[in-house]
Amino acid sequence: MAPDLTAPVSFPVPKENEPVRRRAIFSASVRGIDSHHALSPDDAGAIRTRRRRKTNDDSLRLIDDLVNRPMDPMFSDSRLVHEHRSALSVWATRIIVFLICVGVGFAGSLFVQQLQSDPRKQVRQTLAGQIEDRNSQIDSLTKDVNSLRTQVDEQSKKISGTVKSEALLQDEMLNGTVAVEGQGITMTLADPIAASQSDQTSSSRVGTSSNIRVVTDLDLQQLVSLMFQNGAEAIAINGNRIGAQTSIRKAGGHILIGMTAIQSSYTIEAIGNKNDLADAMGEKKLASLYDSFKQAGIYPQVSKSNSIRLEAAVAGDVQYAERNE
């Protein structure tokens with residue numbers, strides 16, 4: 001039989017360099033693995049090779065191993081065994097991985113939500129609640145002060161037996177220190193519909209980039225001044241009496257009457273001659289002012305009333321000047 005010249009050239013491995021089979025003892029199928037190592041001297045292919053090439057050159061053997069046996073024997077043995085996994089272990093692994101993914105996704109969403117949330121919102125809510133509580137306390141204390149002031153006046157009259165002069169009564173009424181009642185007018189005005197539909201805390205007032213004009217503290221100051229000029233004896237805005245120490249100013253997105261915040265719509269009550277006040281504050285006498293209001297969508301309404309009662313304003317401590325001896 002003629003030798004097979006197409007077979008790859010291979011050299012036998014000496015006994016002292018042959019790989020030891022026990023290297024793969026850890027394999028589950030160590031008993032059934034096949035050897036993939038160099039051929040033994042008794043192998044037919046090795047005999048045919050020795051007939052063709054008679055050499056013991058170590059370099060050629062190294063090249064032969066690299067070309068014909070590039071895979072490590074232990075790695076080759078490990079590929080022969082495929083671990084069998086039960087369906088229970090496969091599904092258990094999938095469920096565990098799914099739960100881990102859900103937990104990581106939930107934690108990530110909470111973290112992103114925490115980053116996007118405004119930490120100042122809770123602080124603003126807390127401050128808003130505190131302001132409402134303080135306003136309620138101020139209203140309650142104001143009523144108590146007015147009641148006590150009325151009792152003091154009544155007791156003073158009983159003790160002294162004298163009646164206050166007309167000038168003193170007029171001064172007290174103008175200063176807003178006493179409650180008054182009489183005929184007068186009521187003027188009502190509100191912000192435009194476009195402004196009322198938007199958030200009042202974020203909408204800008206006059207002089208900002210917003211084109212929506214709303215009723216400002218300057219408008220209320222102007223109207224109150226016109227009423228006093230035309231004979232009004234006592235004025236209140238949204239139930240807050242205007243006194244000598246009462247201010248009308250803007251703070252943030254609200255208008256403050258003294259320390260009380262008010263919002264649209266605004267009701268201005270004035271005690272005085274109702275016919276004279278109605279004519280003086282009407283559209284005929286204040287045509288330019290009414291035109292500017294109409295351009296912004298603000299339409300003041302004036303009505304007469306036979307009886308209006310206004311409570312006393314909140315007054316602070318008054319200190320009088322004294323002669324320096």
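Nothing here was measured: the structure is a model prediction, and the numbers come from that model.

**What about the overall build of the chain?**
What the chain contains, in helices and strands, is ten helices and eight strands. The buried share among the 325 residues of the chain stands at 25%. Across the chain, the fraction of contacts at a sequence separation of at least 24, relative to all contacts at a separation of at least 6, is 74%. Total accessible area computed for the chain in this model is approximately 22,900 Å², and 54% of it derives from carbon and sulfur atoms.

**What about the nonpolar core?**
Judged by nonpolar contacts, the single largest core of 29 residues is most densely connected at L220, M227, I237 and I268. The set of elements that each furnish at least two residues to this core consists of β1 (180-189), α8 (217-229), β2 (234-237), β5 (254-257), β7 (266-271), α9 (274-280) and α10 (287-295). Beyond its immediate chain neighbours, meaning those up to four positions away, L220 contacts V215, I237, I248, I255, I262, Y266 and I268. Counting seven residues, the second largest nonpolar core, distinct from the first, contains M173, I271, I308 and L310.

**Observations concerning the sheet that holds β2**
Ordered in space as β3-β2-β7-β1-β8, the five strands form an open sheet in which the pairing is antiparallel. Edge positions in the sheet fall to β3 (240-241) and β8 (301-310), since each has one partner strand and no second.

**Structural notes on α10**
Inspection of α10 places L289, Y290 and F293 among the buried residues, and these make up the whole buried set. All buried residues of α10 lie within an arc of 95° about the axis, which places them on one face of the element. In α10, the exposed positions angled more than 90 degrees off the buried face are occupied by S288 and Q295. Among the structural elements, β1, α8 and β8 are those in contact with the buried residues of α10. The first or second residue beyond α10 is G297, which carries a positive phi of 85°.

**So, a nonpolar patch on the surface**
Residues W91, I95, F98, L99 and V102 make up a contiguous nonpolar surface patch of about 560 Å² in total accessible area. Mapped onto the elements of the fold, V102 is located in helix α4 (residues 87-116).

**A closer look at the pattern of salt bridges**
Scanning all chains against the criterion turns up four salt bridges. With its nearest N and O atoms 3.9 Å apart, the salt bridge here joins E181 to R309. Placement of E181 in strand β1 and of R309 in strand β8 is noted, with a sequence separation of 128 residues between them. R309 shares its class with E181; the two are exposed. Among the salt bridges present, the one from R213 reaches D219, with a minimum N-O distance of 3.1 Å. A relative accessible area of 26% places R213 in the partly exposed class. In the salt-bridge network here, residues are joined through shared partners; they are E181, R309 and E311.

**Quick word on the sheet that holds β5**
The antiparallel open sheet is built from three strands, whose spatial order is β4-β5-β6. One side of each edge strand has no neighbouring strand; the edge strands of this open sheet are β4 (248-251) and β6 (260-262). Taking the axes of each pair of neighbouring strands and ignoring which way they run, one obtains an average angle of 40° across the sheet. Note that β4 and β5 share four bridges and pair antiparallel. Note that in β5 the partner of I248 across the bridge is I257. Lying on the sheet, α8 is in contact with β4, β5 and β6; it crosses β4 at an angle near 175°.

**Observations regarding the pairing of β1**
Burial of β1 is extensive: seven of the ten residues sit out of reach of the surface. Here β1 pairs with β8 via eight bridges, running antiparallel. The residue bridging T186 from the neighbouring strand is S303, located in β8. Pairing of β1 with β7 involves six bridges; the strand directions are antiparallel. Within β7, the position partnered with L189 by the bridge is Y266.

**Side note on the environment of M173**
The residue M173 is located in helix α6 (residues 166-175) in this model. For the pair M173 and A312, spaced 139 residues apart in sequence, the C-alpha separation works out to 8.6 Å. Here M173 is in contact with V178, V180, E233 and R241, once residues within four sequence places are set aside.

**Digging into the confidence of the model for the chain**
Considering every residue of the chain, the mean pLDDT works out to 76; 69% of them sit at 70 or more. Averaged over each element, pLDDT in the chain is lowest for helix α1 (residues 44-52) (53) and highest for β7 (94).

**A word on unusual backbone geometry**
Of note, the amide linkage connecting S264 to S265 takes the cis form, showing an omega dihedral of 5°. Examined against the element boundaries, S265 turns out to sit in the loop between β6 and β7. Even without being a glycine, N238 presents a positive backbone phi close to 50°. Position of N238 among the secondary structure elements: in the loop between β2 and β3. By relative accessible area, N238 is classed as partly exposed at 29%.

About the thresholds
- Residues numbered from 1 in each chain as written.
- Predicted model: local features only at pLDDT ≥ 70, side-chain atom pairs only at ≥ 80, totals over all residues.
- Heavy atoms only, no water.
- Helix = DSSP H or I, 4+ residues; strand = E, 2+ residues; numbered from the N terminus.
- Buried < 20%, exposed > 50% of the residue type's maximum accessible area, 1.4 Å probe, protein only.
- Contact = heavy atoms within 4.5 Å.
- Areas by Shrake-Rupley, 256 points an atom, 1.4 Å probe, with all protein chains shown as cover.
- Core = buried A, V, L, I, M, F, W, Y, C linked by side-chain atoms within 4.5 Å.
- Pairing = 2+ DSSP bridges.
- Arc of directions from axis to C-beta.
- Patch = residues over 30% accessible without salt bridge, like charges linked within 9 Å, V, L, I, M, F, W, Y side chains within 5 Å.
- Salt bridge = Lys/Arg side-chain N within 4 Å of Asp/Glu carboxyl O.
- Axes fitted to C-alpha atoms, helices over the stretch in contact; angles between N-to-C directions.
- pLDDT = per-residue confidence, 0-100.

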